[in-house]
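Observations on the three-dimensional arrangement
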Amino acid sequence: LAKTTQPISMDSYEGQEVNITCSHNNIATNDYITWYQQFPSQGPRFIIQGYKTKVTNEVASLFIPADRKSSTLSLPRVSLSDTAVYYCLVVAPGQNFVFGPGTRLSVLP
Amino acid sequence: KAGVTQTPRYLIKTRGQQVTLSCSPISGHRSVSWYQQTPGQGLQFLFEYFSETQRNKGNFPGRFSGRQFSNSRSEMNVSTLELGDSALYLCASSLRTGWTNYGYTFGSGTRLTVV
């Protein structure tokens, strides 16, 4: 079973900020939170990872509250090319991923 | 630097045949993990190889096997193909066993169609 719960799908419009929240109530001390993006017929691509508080890179921000039982991926000003499936994964070093169904984001013009 | 390379990109096989897929990890990465992705089951972990040894295995029948060579390149073999084996097969490489916070990179996959 996947360790995370996230919405199955979301719709947004170009130029909007998109926030995808992921629940991971049973996160362990050694676990990190990492997000991947996948386009059809391609392998998942790393977006961002974090352990606690806030992490920001050139494509996204990741917000993790103090209890670490949830996290929010924030995509600023999405474009049509951001239409993809987004996976929230909780994993400790040395483990292999257990994927859930992910969130299918559709960006509309 | 070069990414994870999977070959071939597409493959069509007949039921009952066997198939071998190849994965070349990022240079310096010693771990290769394999995943199967189908519309019905999503992304599922098959197995992981590290330093030529199978380190971890998912819940798949014995028809699915793999190996890793001394240069860290890995092959996955499926024998006696079934229609349900049609899927996108992905491999991922990392520096150490399993996921690391230094990077866990997927290839583009091999699309296998069994007819």
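First, a word on what this report is: a plain description of the structure on this page. A quick note: this is a predicted structure, and the numbers were derived from the prediction, not measured. Residue positions are given per chain, counting from 1 as you read along its sequence in written order. By the order in which they are written, chains take letters starting at A while ligands take numbers starting at 1. Restriction of local features to residues with pLDDT of at least 70 applies here, the model being predicted, together with a cutoff of 80 or more for giving and counting side-chain atom pairs; totals for whole chains, interfaces and linings are based on all residues. Side-chain numbers come from the whole structure's heavy atoms, not from hydrogens or water.

1. Observations regarding the side chain of S71(A)
All names here are of chain A.
- Counting from the N terminus, the helices are DSSP H or I runs at least four residues long and the strands are E runs at least two residues long. Relative to the helices and strands, S71 is located in strand β7 (residues 70–75).
- Note on S71: relative accessible area 0%, which makes it buried.
- Within the structure, the side chain of S71 is placed 3.0 Å from the side chain of H24, a separation counted as a polar contact.
- Note on contacts: a residue pair is in contact if any heavy atoms of the two residues lie within 4.5 Å. If we skip the residues at most four places from it in the chain, S71 touches I20, T21, C22, H24, I33, W35, L62, F63, I64 and C88. Only protein chains enter the accessibility calculation, which uses a 1.4 Å probe; a residue whose area is less than 20% of its type maximum is buried, one above 50% is exposed, and one in between is partly exposed. Two N or O atoms form a polar contact when they lie within 3.5 Å of each other; inside protein one atom must be a possible hydrogen donor and the other a possible acceptor, and for residues adjacent in sequence the pair counts only when both atoms belong to side chains.

2. As for the packing of aromatic side chains
- Each pair of aromatic rings taken from Phe, Tyr and Trp, with Trp reduced to its six-membered ring, is defined by centres within 6.5 Å and is described as stacked if the planes are under 30 degrees apart, edge-to-face if over 60, and tilted in the remaining cases. Tallied over the full model, the rule gives 16 aromatic pairs over all chains.
- Ring geometry for Y32(A) versus W99(B): centroids 5.3 Å apart, planes at 50 degrees, classification tilted. Within this pair, whereas Y32(A) is found in strand β3 (residues 32–38), its partner W99(B) is found in the loop between β9 (87–94) and β10 (105–106), the two belonging to separate chains.
- Over the ring of Y51(A) we find R68(A); its NZ or CZ atom is 3.9 Å from the centre of that ring.
- Its guanidinium or amino end placed over the ring of Y10(B), R9(B) lies 5.5 Å from that ring's centre, counting from NZ or CZ. Sitting over a ring, as applied to charges here, requires NZ of Lys or CZ of Arg to be within 6 Å of the ring centre and within 35 degrees of the ring normal.

3. Brief notes about the sheet that holds strand β9 (residues 103–108) of chain A
Residue and element names in this part refer to chain A.
- Pairing is mixed in the open sheet, where five strands are placed in the order β1-β9-β8-β3-β4. The open sheet terminates on both sides in strands that have one partner only, identified here as β1 (9–13) and β4 (45–50). The mean inter-strand angle of the sheet, taken between neighbouring strand axes irrespective of direction, is 25 degrees.
- In this description, strands pair whenever DSSP reports at least two bridges between them. The pairing of β3 with β4 spans five bridges and is classified as antiparallel. Note on β4: the bridge partner recorded for Y36 is F46. Here an axis means a line fitted to C-alpha atoms, over the contact stretch when the element is a helix, while the angle between two N-to-C directions is reported on a 0 to 180 degree scale.

4. Description of the interface of chain A and chain B
- Contacts between the two partners involve 18 residues from chain A, matched on the other side by 20 residues from chain B.
- Taking both partners together, chain A and chain B bury about 1,500 Å²; carbon and sulfur atoms supply 50% of that area.
- Salt bridge, as applied in this entry: a Lys or Arg side-chain nitrogen positioned within 4 Å of an Asp or Glu carboxyl oxygen. At the boundary of chain A and chain B, one finds zero salt bridges.
- On inspection of chain A and its partner chain B, the count reaches 11 residue pairs in polar contact (both at pLDDT 80 or more).
- Counting only elements with at least two residues in the side of chain A that touches chain B, the list comes to β3 and β8 (84–91) of chain A.
- In terms of residue count, the dominant contributor to the side of chain A that touches chain B is β3(A) (four residues). The term buried area means the drop in 1.4 Å probe accessible area that two parts suffer when joined, counted for both and summed.

By themselves these figures say nothing about function.
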